[in-house]
Amino acid sequence: MNGRYARIAVLPIIPPAIERLEELAYNLWWSWEPDAQALYARLDPALWEATSHNPVRLLHQVSQEKLNAAAEDPDYLAAYHAVLDAFDRYMDPNADTWYRRTYGTGDGSVLAASLQNAEGRDEGAHTDAASASQRPTATSQRSVIAYFSAEFGLHEALPIYSGGLGILSGDHCKAASDLGLPLIGVGFLYPQGYFTQRIDPQGQQQAEYEKIDFAEAPARPALDPNGQELLISVELPGRVVYAKIWCIQVGRVPVYLMDTDVPRNAPQDRELSARLYGGDREMRISQEIVLGIGGVRAVFALGYEPAVWHMNEGHSAFLGLERVRRKVQEEGLSFEEAVEAVRANTLFTTHTPVPAGNDAFAFELVDKFFWQYWEQLGLDRERFIQFARQELPWGPQYSMTVLALRLSAYANGVSELHGQVSRAMWRFLWPDTPVDEVPIGAITNGVHTQTWLAPRLRALYSRYLAPDWEEHIEEAETWAAIERIPDQELWAVHNQCKEDMVRLVRSRVKRQALRHGEGPQRLALADHLLNPHALTIGFARRFATYKRATLLFHDIERLKRILNDPQRPVQIIFSGKAHPDDEPGKALIRQVYEYSQDPDFRGKIVFVENYDMNIARHLISGVDLWLNTPRRPREASGTSGQKAALSGIPNFSILDGWWAEGYNGANGWAIGQEQELNDSDAQDEADAYDLYSTLEEVIIPLFFNRDAATGIPQGWLQVMKNAIRSCASRFSMRRMVIEYTERYYLPAAKSGQRYSRDHFAVARQMAAWKAGLRERWPGVRIERLPLSVHQVKVGEPVPVEAKVWLDGIPEDEVAVEIVTGREAEDGELTVPQPQPMQPAGREGDALRYRGEFRPQTSGPVALAVRVRPKHPDQLHRVEPGLVKWG
């Protein structure tokens, strides 16, 4: 535009009759309520699509005439009032939520009191009440669970997420809101978000960045207790960096996101938070310092006193250091005492099953950023570095995961298999401890049902499940009624979802063809892309090499025969992004795109660019089969297949992540076996062979086996119903958050309270006890005396005796145990079963212990004795990481 013109944004006036549309637009409750979304879509359907379903932006751009018309339309007003009534009931501070019912005031629950009255004052928190305008009703108490994550995938209108981790964080907040759990989210706001993916005519992924206009996003500046916009600061080498805090309201849960694009910062620091996972290692450590250290400062500046701190992945691990620093400087604790206090109410969730995927930094970089910080902890450089040191094949590094584990009494992986992998990966932090006893648990991921369930399916389920089924999603009994849905209705709704998906894919592919300058013939092909009667396979996820997106192309000629059978047509839809720096991942995208342009595959293989939550919602309800081919055991959990199963879409997957638990033989299909071959090429060949064989011999015949009278694939529909019934409750986010609450949040709140009481008396005692143990433990030894029997029958006693030398450690501070289990091929003791031995007198400097073991099953048993420290206040059996075996 000519420079002589000034630009003025002219916004429409929302008529009084519908004025709460603006209030509703700023609470993402609408994002999982179809009736609320319909209020905005009805104003201007085309604009609703053009704004990526962003109600704030729509209200800024919709014509005044359309708003006026809606305000005078009786049908629209009736829908408006119904939605606002539902919203008000949901947000009512006295709403009958799961948390209130289970742990509400007045029931005498000690654990509930932990969350409501935790002594966060010892963190040095501000005591002023926060502004009511930026504090949600349900978390008006200042004691909350502070949930930190590097990304939050809440809705496509806020493209500040890259994939599974962000989607999980967003779903976590939504389910916490539904349950009434007092939780806040803390993370980074990325003004340029994650990149927009464009595929060029050669199949190359191009990354485009466009700055998000937060004046048109469902986000508002967070306010400090004085009602001023909040700005926090963090020290980086040679300067101070400032971050503005934004609040995104997710139902009852506020999510606070930091943004360094503020005038007080130098240009390079304004770019610090610009992009998700962008820049070099120096940029990465800077972001993680702002996330962890700055996030803690933001939480306290907002007036919160967290009872529990939850680190979702290691990106935010510096938050533990900042909490330690506060206790050292403001409470007079030593570093070791502060660590005990911080650990007691901290949970760490790891998501990464390979060492290279865990953030770690060179010591030189740590020196540059922390040379002034470690003194504030009461440490010198060597102790600071050693605290998070990890020996890696490429050299020693400062590991964010090691840091997180050392500062967390509670830790978990995100599926049962991932828990096993994590215990093996991080066992070195608990030397000589059997892998199965490493204190890293597992809570399998889930999905937020209302976000991912297509409105058509939600309406169908509501007709046949109990009236209050959405309040009992996590209960298996809720889903038994799926059998009551007539096959004809389920099949009809599925095909409607398939039609919706086909329309979206056609529009996206046509838009891409227009951008490529394709001619009328190719544009016309896009309008008729995909056969609605074909077996449609979906593969949509991040394009990382371990996910093996091209395993399906292992035998090209065989795949051509499968896809080009005119009697049983099959087609495949791909979608997903590769990290901008992941050249192998981008090569996989190019390879898939090239196949999609091959005349033998054209129309049978489709790649949909710029995968986002909107595309995901359509695919997981519109395809017929969900394909997943990761290299086991590198899929920590995965959730896209859970969303598909919820929608009645069977999974066809490697037995990795959640599917290793979810597959029951009747709700989908497995690819390969529960094994990992050392030769990756051999593994690929074996898995590809099984994939093709199962498709040809089982899946395709079942899909096309139609009832002669109805034309319905009754056998396929039974698999669909089995998928819903077996997976919808077990892999729901509601179940997951309840499990986090009961297994980790409430115990952590309780132990955090206990450790901080009386000016951290227990934390001080534990620090002193561990220091004394470490000094004397080298002198401890144990000797198992020869067994008197070597062959017994089930139930017969095996007497065991041992001598122990404690080198001055009090007898009541150790546990001497018989440990039995199975001996693996590598000599590892699996499924260890410890049982105590009893003192039986002295023999010189040694203490004698006796016990007995009674085998309950036949077969070989491995038996050993050990001595380990014990203390009434330790939070798990092997906490000190010290053990001696006889």
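Sequence order as written defines residue numbering, which begins from 1 separately in each chain. Local features in this predicted model are restricted to residues of pLDDT 70 or higher, and side-chain atom pairs are both shown and tallied only at a pLDDT of 80 or more, whereas totals for entire chains, interfaces and linings draw on every residue. Note that water and hydrogens are dropped before the side-chain values are worked out from all heavy atoms of the structure.

Caption draft 1: Region of the structure containing the overall build of the protein. Helix and strand assignments come from DSSP, with helices taken as H or I runs of at least 4 residues and strands as E runs of at least 2, each series counted from the N terminus. Secondary structure summary: the protein contains 30 helices and 29 strands in total. The atom set for the radius of gyration is the C-alpha atoms, and the globule formula is 2.2 Å times the number of residues raised to the power 0.38. Rg of the C-alpha trace for the protein: 29 Å, near the compact-globule value of 29 Å for 886 residues, within the 12% margin. Burial analysis of the protein (886 residues in total) assigns 60% to the buried set. A separation of at least 24 residues holds for 73% of the contacts in the protein among residues at least 6 apart in sequence. In these tables, accessible area is a Shrake-Rupley quantity obtained with a 1.4 Å probe, and a residue counts as shielded only by the protein chains included in the view. Accessible area for the protein stands at about 34,800 Å²; split by element, carbon and sulfur atoms hold 48% of it. Summary of the burial criterion: residues with accessible area below 20% of their type's maximum are buried, those above 50% are exposed, and those between are partly exposed, where the area comes from a 1.4 Å probe applied to protein chains only. In what follows, residue pairs with any heavy atoms lying within 4.5 Å of each other are defined as contacts.

Caption draft 2: The arrangement of the pairing of strand S14 (residues 410-413) in detail. Side chains of S14 alternate between two faces, with Tyr410 and Asn412 and Ala411 and Gly413 buried alike. Here the rule is simple: two strands pair whenever DSSP picks up at least two bridges between them. Note: S14 against strand S15 (residues 441-442), two bridges, orientation parallel. In the sheet register, Gly413 faces S15, and the bridge partner there is Ala442. With the strands pointing away from the viewer, any crossover whose connection runs clockwise from the first strand over the helix to the second is right-handed. As for the winding sense of the linkage, the β-α-β connection from S14 through helix H18 (residues 416-425) to S15 is right-handed.

Caption draft 3: Structural detail: the sheet that holds strand S16 (residues 535-540). On the basis of which strands lie adjacent, the open sheet formed by six strands has the order S18-S17-S16-S19-S20-S21 and parallel pairing. This sheet does not close on itself; its edge strands, each paired only once, are strand S18 (605-608) and strand S21 (668-671). Between one strand axis and the next, the sheet turns through 20 degrees on average, direction left out of account. Bridge count between strand S19 (residues 625-628) and strand S20 (residues 651-654): three bridges; the pairing is parallel. Bridging across to S20, Asn628 finds its partner in Ser653. Across the sheet, helix H28 (residues 680-704) is in contact with S16, strand S17 (570-575), S19, S20 and S21; its angle to S21 comes to roughly 165 degrees. As a rule, the C-alpha atoms of each element are fitted with a line to give its axis, helices using only the stretch in contact, and angles between N-to-C directions run from 0 to 180 degrees.

Caption draft 4: Main features of the packing of aromatic side chains. Any two of the Phe, Tyr and Trp rings considered here, Trp counted by its six-membered ring, make a pair once their centres fall within 6.5 Å; the pair's planes then place it as stacked at under 30 degrees, edge-to-face at over 60, or tilted in between. Under the definition given, this model contains 42 aromatic pairs. Arranged with centres 6.3 Å apart and planes meeting at 65 degrees, the rings of Trp32 and Tyr90 form a pair that is edge-to-face. Of the two residues, Trp32 is situated in the loop between helix H1 (20-25) and helix H2 (34-43) and Tyr90 in helix H6 (residues 74-91); the sequence distance between them amounts to 58 residues. On the basis of relative accessibility, which here comes to 14%, the residue Tyr90 falls in the buried class. On the numbers, 6.0 Å between centres and 25 degrees between planes, the contact of Tyr740 with Tyr745 is stacked.

Caption draft 5: A look at the nonpolar core. We call a set of buried residues a nonpolar core when its members are Ala, Val, Leu, Ile, Met, Phe, Trp, Tyr or Cys and they connect through side-chain atoms within 4.5 Å of each other. Counting 184 residues, the largest nonpolar core has Ile18, Phe318, Leu321, Phe370 and Tyr398 as the members making the most contacts within it. When sequence neighbours within four positions are dropped, the list of residues in contact with Ile18 reads Leu67, Ala70, Ala71, Tyr76, Leu77 and Tyr80. Formed by 63 residues, the second largest nonpolar core is a distinct cluster that contains Tyr461, Ala688, Leu691 and Met720.

Caption draft 6: Focus on the side chain of His351. Positionally, His351 belongs in the loop between strand S10 (346-349) and strand S11 (360-361). Polar side-chain contacts of His351 include one of 2.6 Å to the side chain of Asn312. Excluding its chain neighbours within four sequence positions, the residues that come into contact with His351 are Leu165, Leu168, Asn312, Glu313, Val414, His418 and Ala636. Under the rule applied, a polar contact is a pair of N or O atoms within 3.5 Å (in protein, one hydrogen donor and one hydrogen acceptor; residues adjacent in sequence only if both atoms are side-chain atoms).

Caption draft 7: Structural context of the sheet that holds strand S22 (residues 781-784). The four strands are arranged S22-S23-S27-S26 in an open sheet whose pairing can be described as antiparallel. Where the open sheet ends on each side, the last strands, each with one partner, are S22 and strand S26 (838-843). Strand-to-strand twist of the sheet, defined as the mean angle between neighbouring strand axes without regard to direction, takes the value 30 degrees. As judged from the four bridges shared by S26 and strand S27 (residues 846-853), these two strands associate in the antiparallel manner. Paired with Arg842 across the bridge in S27 is Leu847.

Caption draft 8: Examining the packing of helix H21 (residues 487-515) against helix H25 (residues 613-622) more closely. Closest axis-to-axis distance for the H21/H25 pair is 8 Å, and the angle between their directions is 140 degrees. For the element pair H21 / H25, the angle class is oblique. When you trace H21 past H25, the crossing you get is left-handed. In this structure, H21 contributes His494, Cys497, Lys498, Asp500, Met501, Leu504, Val505 and Arg508 to the contact, and H25 contributes Asn614, Ile615, His618, Leu619, Ser621 and Gly622. Partitioning the contact of H21 with H25 into residue classes produces six nonpolar, five polar and three charged. Orientation categories follow fixed angle ranges, with anything under 35 degrees roughly parallel, anything over 145 roughly antiparallel, 65 to 115 roughly perpendicular, and all other angles oblique. A crossing counts as left-handed when the near helix is turned anticlockwise from the far one by less than a right angle, and as right-handed when that turn is clockwise. Amino acids outside the nonpolar list (Ala, Val, Leu, Ile, Met, Phe, Trp, Tyr, Cys, Pro) and the charged list (Asp, Glu, Lys, Arg) are all regarded as polar, and Gly is one of them.

Caption draft 9: Summary view of the environment of Leu47. Within the fold, Leu47 resides in helix H3 (residues 45-50). Using a relative accessible area of 14% as the deciding quantity, one classes Leu47 as buried. Not counting the four nearest positions on each side in its chain, Leu47 is found in contact with Leu58, Gln61 and Val62.

Caption draft 10: Representation of the pattern of salt bridges within the structure. Definition used for salt bridges: Asp or Glu carboxyl oxygen within 4 Å of a side-chain nitrogen of Lys or Arg. Per the stated rule, a full pass over the model turns up 63 salt bridges. Notably, a salt bridge pairs Lys547 with Glu635, separated by 2.9 Å at the nearest N-O pair. A residue pair is termed long-range when its members are at least 10 positions apart, and Lys547 in the loop between S16 and helix H23 (556-563) and Glu635 in the loop between S19 and helix H26 (640-646) qualify at 88 residues. For the residue pair Lys547 and Glu635, the accessibility class agrees, reading buried in each case. With a closest N to O distance of 2.7 Å, Glu879 and Lys770 form a salt bridge. With Glu879 in the loop between strand S28 (862-869) and strand S29 (884-885) and Lys770 in helix H30 (residues 733-776), this pair connects stretches of sequence that are 109 residues apart. Judged by its relative accessible area of 7%, Glu879 is buried.

Caption draft 11: View of the environment of Tyr304. With respect to the secondary-structure elements, Tyr304 resides in the loop between helix H11 (281-301) and strand S9 (308-312). Taking relative accessible area as the criterion, Tyr304 reaches 0% and is therefore assigned buried. On a C-alpha basis, the gap between Tyr304 and Ile184 in space is 9.4 Å, while along the polypeptide they are 120 residues apart. At a separation of 2.8 Å, a polar atom in the side chain of Tyr304 contacts the side chain of Tyr256.

Caption draft 12: Expanded view of unusual backbone geometry. Each neighbour pair has its own omega, and for Arg632 with Pro633 the value is 5 degrees, a cis peptide bond. When you line up the elements, Pro633 lands in the loop between S19 and H26. In this structure, Asp807 takes a positive phi of about 50 degrees despite not being glycine. Tracing the sequence through the fold places Asp807 in the loop between strand S23 (798-805) and strand S24 (814-823). Residue Asp807 is classed as partly exposed on the basis of its relative accessible area of 41%.

Caption draft 13: Main features of the confidence of the model for the protein. Taken over all residues, the pLDDT of the protein has a mean of 92, while the share at 70 or more is 95%. Overall, residues 106-111 carries pLDDT values under 50, and its contacts beyond four positions in sequence, including any with other chains, amount to five contacts. By definition, pLDDT measures how confident the predictor is in each residue, and it falls between 0 and 100. Counting interchain partners and residues more than four positions distant, the pLDDT-below-50 stretch residues 117-140 has 71 contacts.

Caption draft 14: Here's a closer look at the packing of H11 against helix H14 (residues 363-370). At their nearest, the axes of H11 and H14 sit 11 Å apart, and the two run at 50 degrees to each other. Relative to H14, the element H11 is oriented oblique. Crossing geometry of H11 relative to H14 is assigned as right-handed. Counted together, Arg281, Glu282, Ile285, Ser286, Ile289 and Ile293 of H11 and Leu365, Lys368, Phe369 and Phe370 of H14 form the full contact between these two elements. Across the contact of H11 with H14, the residue classes tally to six nonpolar, one polar and three charged.

Caption draft 15: Spotlight on helix H13 (residues 335-343). Judged by how many residues are buried, H13 sits mostly within the fold: eight of nine residues are covered. Inspection of H13 places Phe335, Glu337, Ala338, Val339, Glu340, Ala341, Val342 and Arg343 among the buried residues, and these make up the whole buried set.

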